[in-house]
Amino acid sequence: MFCHQCQEAAKGTGCTVRGVCGKTSDVANLQDVLIYILKGVSFYNLEAKKAGLNTNKVDKFITDGLFATITNANFDKAVFVDRIKKAIELREETKAAVIKAGVNVDHITHDAAHWTGNTVEEFEAKAAEAGYLAIENEDVRSLRSLIVFGVKGLAAYVEHAYNLKYEDDEIYTFMQTALVETLNDKLTADDLVALTMKAGETGVKAMALLDTANTSTYGNPEITKVNIGVKNNPAILISGHDLRDMEQLLEQTEGTGVDVYTHSEMLPANYYPAFKKYSHFVGNYGNAWWKQDKEFETFNGPIVMTTNCLVPPKDVYKDRVYTTGAVGFEGLKRVKENADGIKDFTEIIEHAKKCAAPTEIERGEIIGGFAHEQVFALADKVVDAVKSGAIKRFFVMAGCDGRMKSRDYYTEFAEKLPKDTVILTAGCAKYKYNKLDLGDIGGIPRVLDAGQCNDSYSLALIALKLKEVFELNDINELPISYNIAWYEQKAVIVLLALLYLGVKNIHLGPTLPAFLSPNVVNVLVENFGIGGITNVEDDMAMFLGAT
Ligand code: SF4
Ligand code: SF3
């Protein structure tokens, strides 16, 4: 195996024996082969689109396959073996359909569009060719990795949107074009950089689509005090990012005597009007994903994982974890689902009734719900605070949390920020400081949480709104600094989206991606002023010295 897609890549280069995340070598190999075959499917599916055929089933299959390979989503070998088989089948079906429609496919000669295998051994053996180390030039490898990882992040957001029946064929077309182009040896480094920017542009589109899907279905997030304590009823914990799953769980648990709590990236569900109306929706239990090994144990009841980040479960709570969507792990039970994607939580509700109520691990409240509409509603207050000098600078500290000790940097950074600064956050990065008492500025909390990582889109809209209000020509003239924490591939698409929007001088930590070669880092430094982090004192001085 060779995997270098997340921030925890072993030795800062890549995992080669077993993932730091717990992914086994065979699963890593199968994931590479799945992506390879999905590229093969894409060749024909793009032709099918041009011929005006209905490609929706294949679009969704490709999207879901990409999503399943995101860090901490799916560890189940059998799932990847099945998917590779299915991908080969769909590739052949699509090929036959386009030929039938009169399309000449003789120009599609790449091995990914033709290779076939039947056994697990054949699939695993193919990984050496399908994986990243097969690309000799390190800059090409780096740019292709950046594009594929960005597309994986895109796939996650696109899937949440289509679960709410919001789709955009242009996004599917870009994803598949990008996959195919990462097999094109004729592309120069400049072409690949251009494709990376196009990924950023599509990232903005996908996050906008998901934002519309979420807010038109569940209302605009509003300022909310979220309970972090517990009640005495048995309960179900729901984690991940999928709001449609959240909705179905709340509907089906109503009146059963079973409460519902969110974990990690599901916390922002507490901010939506459509969910707040449920009295058995108690609040949020625990912290970011990587603390689940302790928090799932003390929660006592069943846990539903709707997306990443799943940590290989401990035996003590393994029988209480249920997976759905792109998530998987050998031995864990699946949430039952009918052909229309309607989930049936009956078994999990009955399971919860036999469990003890959650053990209290903390008490109190945290505040959030500062997505774009809520912040726009407070715009006058925010603008006045900036004009009067009460707010001197905003710090966008969005992104991911993770288990590396070096991430304590972000807690210390938040604590040491001057009192006239405000943190804008989204994603599970917030857990590094959302329970600190950082106070407020004239009633505006010093940590404004917009929501999940995809709600980084809200932060971009807020920045664009401020630019308009202050009549500036360039988003970079705003008193906003970007100190972003990343972990997995959704953060990659968020980063590319910000770059596409013209945001400069983003600092990324706790380490720069292992998949960026020195030359690619140079391009990012020269064109976008991207930087890493050092230590809190020096970085603080650097950010505050910047105008
Ligand atoms: Fe290693 Fe990250 Fe890949 Fe897991 S996802 S195998 S930790 S690089
Ligand atoms: Fe977190 Fe996995 Fe990235 Fe959605 S839940 S931000 S790490």
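Looking at an unreviewed UniProt entry, one finds the chain named Hydroxylamine reductase and attributed to Alkaliphilus flagellatus. Under the heading Sequence similarities (unreviewed entry), UniProt records this for the chain: "Belongs to the HCP family."

(A) Expanded view of the nonpolar core. Within the largest apolar cluster, 150 residues are counted, with the highest numbers of intra-cluster contacts made by Ile37, Leu66 and Phe394. Setting aside residues no more than four positions away along its own chain, phenylalanine 394 makes contact with Val382, Val386, Val422, Leu424, Leu466, Pro479, Ile480 and Ser481. Residues Ala269, Phe275, Tyr322 and Phe345 belong to the second largest nonpolar core, which totals 24 residues.

(B) How the structure looks around the packing of helix α5 (residues 138-163) against helix α18 (residues 518-528). Two elements in contact, α5 and α18, have axes separated by 8 Å at closest approach and are oriented at 60°. Classified by the interaxial angle, the pair formed by α5 and α18 is oblique. Every residue of α18 that contacts α5 at Glu138, Asp139, Ser142 and Leu143 is listed here: Pro518, Asn519 and Val520. Of the residues belonging to the contact of α5 with α18, the class tally is three nonpolar, two polar and two charged.

(C) A look at the side chain of aspartate 539. Assignment of secondary structure puts aspartate 539 in helix α19 (residues 536-545). Buried and unpaired, aspartate 539 has lysine 416 as its nearest opposite-charge partner, separated by 12 Å. Those residues within four positions of aspartate 539 in sequence are excluded, and the remaining contacts are Tyr409, Phe413, Ile533 and Thr534.

(D) Structural view of the sheet that holds strand β17 (residues 506-509). Overall, parallel pairing links the five strands, which are arranged β15-β12-β11-β16-β17 in an open sheet. This sheet does not close on itself; its edge strands, each paired only once, are β15 (447-449) and β17. Adjacent strand axes in the sheet meet at a mean angle of 20°, parallel and antiparallel pairs treated alike. With four bridges connecting them, strand β11 (residues 393-396) and strand β12 (residues 421-425) associate as parallel partners.

(E) Expanded view of the pattern of salt bridges. Enumeration according to the criterion identifies 31 salt bridges in this entry. The residue glutamate 170 makes a salt bridge to lysine 205 at a minimum N-O spacing of 2.7 Å. Taken together, the positions of glutamate 170 in helix α6 (residues 169-181) and lysine 205 in helix α7 (residues 189-218) put the pair 35 residues apart, joining distant regions of the chain. Lysine 205 gets classed as partly exposed once you look at its relative accessible area, which sits at 31%. Connected through salt bridges with shared partners, the residues Asp26, Lys77 and Glu124 form a single ionic network.

(F) Spotlight on the site of ligand 2. Lining the immediate surroundings of ligand 2 are His241, Glu265, Trp289, Asn308, Cys309, Gly399, Cys400, Cys428, Cys453, Tyr487 and Glu488. Looking at the shell around ligand 2 residue by residue, the classes come out as six nonpolar, three polar and two charged.

(G) Structural detail: the pairing of β11. Here β11 shows two buried faces, one formed by Arg393 and Phe395 and the other by Phe394 and Val396. Remark: the β11/helix α15 (residues 408-416)/β12 crossover connection has right-handed handedness. Bridge count between β11 and strand β16 (residues 480-485): three bridges; the pairing is parallel. Following the sheet pairing, phenylalanine 395 is matched in β16 by serine 481.

(H) Here's a closer look at the site of ligand 1. Looking at ligand 1, the residues that line it are Met1, Cys3, His4, Gln5, Cys6, Ala9, Cys15, Gly19, Val20, Cys21, Lys23 and Thr71. Counted by class, the shell around ligand 1 contains seven nonpolar, four polar and one charged residues.

About the criteria used
Residues numbered from 1 in each chain as written. Chains lettered and ligands numbered in written order. Predicted model: local features only at pLDDT ≥ 70, side-chain atom pairs only at ≥ 80, totals over all residues. Heavy atoms only, no water. UniProt positions renumbered as here; feature names shortened; annotations may be inferred. Core = buried A, V, L, I, M, F, W, Y, C linked by side-chain atoms within 4.5 Å. Buried < 20%, exposed > 50% of the residue type's maximum accessible area, 1.4 Å probe, protein only. Contact = heavy atoms within 4.5 Å. Axes fitted to C-alpha atoms, helices over the stretch in contact; angles between N-to-C directions. Helix = DSSP H or I, 4+ residues; strand = E, 2+ residues; numbered from the N terminus. Parallel < 35°, antiparallel > 145°, perpendicular 65-115°, else oblique. Nonpolar A, V, L, I, M, F, W, Y, C, P; charged D, E, K, R; others polar. Lys, Arg positive; Asp, Glu negative; His and termini not counted. Salt bridge = Lys/Arg side-chain N within 4 Å of Asp/Glu carboxyl O. Pairing = 2+ DSSP bridges. Near = heavy atom within 4 Å. Right-handed = clockwise from strand over helix to strand, strands pointing away.

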